[in-house]
Amino acid sequence: MAILIDPPAWPAHGTLFSHLVSDESYAELHAFAAAAGIPERAFDLDHYDVPIHMHATLVERGAVPVRSRELVQRLIASGLRRRKHLEPAE
């Protein structure tokens, strides 16, 4: 069970972003993010979007760097994957 982070490859707001997930629980993910100072607004259904400048720090704090494909596969296998198009409208 781990906190996983993929390479910063997702462009937005003039920088690149990584995805930060847990393959254990949302509670584990939220606790890790809060301890690292990641704002709650960075959470998007099943992951946190984190800017490139935080990547090394999050790895130092224990996030396991994996390829994007592995991150998604492990998130699906954990049962924690949530897809926007399948979520009910609020």
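A short tour of the structure in this document, coming up. Here the structure is a predicted model, which means the values were calculated and not measured.

Rules used throughout
- Residues numbered from 1 in each chain as written.
- Predicted model: local features only at pLDDT ≥ 70, side-chain atom pairs only at ≥ 80, totals over all residues.
- Heavy atoms only, no water.
- Buried < 20%, exposed > 50% of the residue type's maximum accessible area, 1.4 Å probe, protein only.
- Helix = DSSP H or I, 4+ residues; strand = E, 2+ residues; numbered from the N terminus.
- Pairing = 2+ DSSP bridges.
- Salt bridge = Lys/Arg side-chain N within 4 Å of Asp/Glu carboxyl O.

## As for the pairing of strand β3 (residues 15-22)
Okay, so step 1: With 6 of 8 residues buried, β3 lies mostly within the body of the structure.
Okay, so step 2: Here strand β1 (residues 3-5) pairs with β3 via 3 bridges, running antiparallel. Bridge pairing in β3 places L4 opposite V21.
Okay, so step 3: Sheet topology places strand β2 (residues 10-12) next to β3; 3 bridges connect them, and they run antiparallel. By the bridge assignment, A12 is partnered in β3 with T15.
Okay, so step 4: Where β2 folds back onto β3 in an antiparallel hairpin, the turn is made up of 2 residues, including H13, whose phi is positive at roughly 55°.
Okay, so step 5: One ladder, built from 4 bridges, connects β3 with strand β5 (residues 47-51); its direction is antiparallel. Directly across from H19, in β5, lies its bridge partner D49.

## What about the pattern of salt bridges?
Okay, so step 1: Applying the stated criterion across every chain, the model contains 3 salt bridges.
Okay, so step 2: A salt bridge links D23 to R74, with the shortest nitrogen-to-oxygen separation between them at 2.9 Å. Taken together, the residues span a long stretch of sequence, with D23 in the loop between β3 and α1 (26-35) and R74 in helix α3 (residues 68-78) at a distance of 51 residues.
Okay, so step 3: Residue class for R74 comes out partly exposed when judged on its relative accessible area of 28%.
Okay, so step 4: Taken together, the salt bridges that share partners define one network made up of D23, E70 and R74.

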